[in-house]
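Residues per chain are reported as follows:
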Amino acid sequence: MTNSRKALKEHGLRVTEAREVVMEAFRDSEQALTISDIRDRIGDDQDRITLYRTLKSFEEAGLIHRIPDEEHSVKYALCPESCHPGDHDHHHAHFTCKVCGKTRCIYEVFVPRVSTPQGIRVESAELILTGVCENCQG
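Here the structure is a predicted model, which means the values were calculated and not measured. (Residues numbered from 1 in each chain as written. Predicted model: local features only at pLDDT ≥ 70, side-chain atom pairs only at ≥ 80, totals over all residues. Heavy atoms only, no water.)

Please provide a residue-by-residue account of the pattern of salt bridges, values included.
In total, this model carries six salt bridges according to the counting rule given. In this structure, the salt-bridge partner of Glu 59 is Arg 66, at a minimum N-O distance of 3.0 Å. On the basis of relative accessible area, Arg 66 is assigned to the partly exposed category, the value being 42%. Close ionic contact of Glu 134 with Arg 104 constitutes a salt bridge, the shortest N to O distance being 3.0 Å. Placement of Glu 134 in the segment after β5 (128-131) and of Arg 104 in strand β4 (residues 103-110) is noted, with a sequence separation of 30 residues between them. (Salt bridge = Lys/Arg side-chain N within 4 Å of Asp/Glu carboxyl O. Buried < 20%, exposed > 50% of the residue type's maximum accessible area, 1.4 Å probe, protein only. Helix = DSSP H or I, 4+ residues; strand = E, 2+ residues; numbered from the N terminus.)

How would you summarise the layout of surface pockets if you had to cite specific residues and measurements?
By volume, the second largest pocket amounts to about 240 Å³. Residue lining of the second largest pocket: 14 residues in total, with Ala 7, Glu 10, His 11, Arg 27 and Glu 81 positioned closest to the centre. For the lining of the second largest pocket, the secondary-structure elements that each account for two or more residues are α1 (3-10) and α2 (17-27). Here the lining of the second largest pocket takes four residues from α1, the largest share from any one element. For the lining of the second largest pocket, a count of residues per class yields six nonpolar, four polar and four charged. (1 Å grid on protein atoms, 1.4 Å probe; cavity = no way out; pocket = protein on both sides within 12 Å on 5 of 7 lines; lining within 4 Å. Points joined across faces, edges and corners; volume = space filled by probe spheres on them. Nonpolar A, V, L, I, M, F, W, Y, C, P; charged D, E, K, R; others polar.)

Before we move on, can you summarise the confidence of the model for the chain with the specific residues and values?
Taken over all residues, the pLDDT of the chain has a mean of 87, while the share at 70 or more is 93%. Looking over the chain, one finds the lowest element-wise mean pLDDT in strand β1 (residues 64-68), namely 88, and the highest in α2, namely 94. (pLDDT = per-residue confidence, 0-100.)

Please set out the sheet that holds β4 residue by residue, giving values where relevant.
Whenever strands of a sheet pair, they do so through backbone hydrogen bonds, lying parallel or antiparallel. As summarised here, the arrangement of the three strands in space is β4-β3-β5, forming an open sheet in which the pairing is mixed. The sheet is open, and its two borders are formed by β4 and β5, each paired with just one other strand. The sheet shows a mean angle of 35° between the axes of neighbouring strands, direction not considered. (Pairing = 2+ DSSP bridges. Axes fitted to C-alpha atoms, helices over the stretch in contact; angles between N-to-C directions.)

As structure tokens, then:
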């Protein structure tokens, strides 16, 4: 059984060819992917609706998470194996290179937990680091 099939089954998702292809696109990448990046990797075999539904099911199952970027668009990154639907918490930083535009998770840097005034419930917090990656520095 491929790692993608195994991951889908472990996260309670039905294995389909479309899901396997998208999962492989994430597994073959070291960076976060936009919808366009995913479409470039998987080709035009899947329509946009199927792709969006696949990404939504992956996110709900704890396979991927969203990363907002400076342009207020969304990128998706593969979650660590410890993520599951009931435990899908991403308090790590994300780094975006200003030269090549690649975004990746930085698990060693944590988003601090904050205390808020009574009556406010924080549902998410993002820490996005920008700069120049090691590949673009020289």
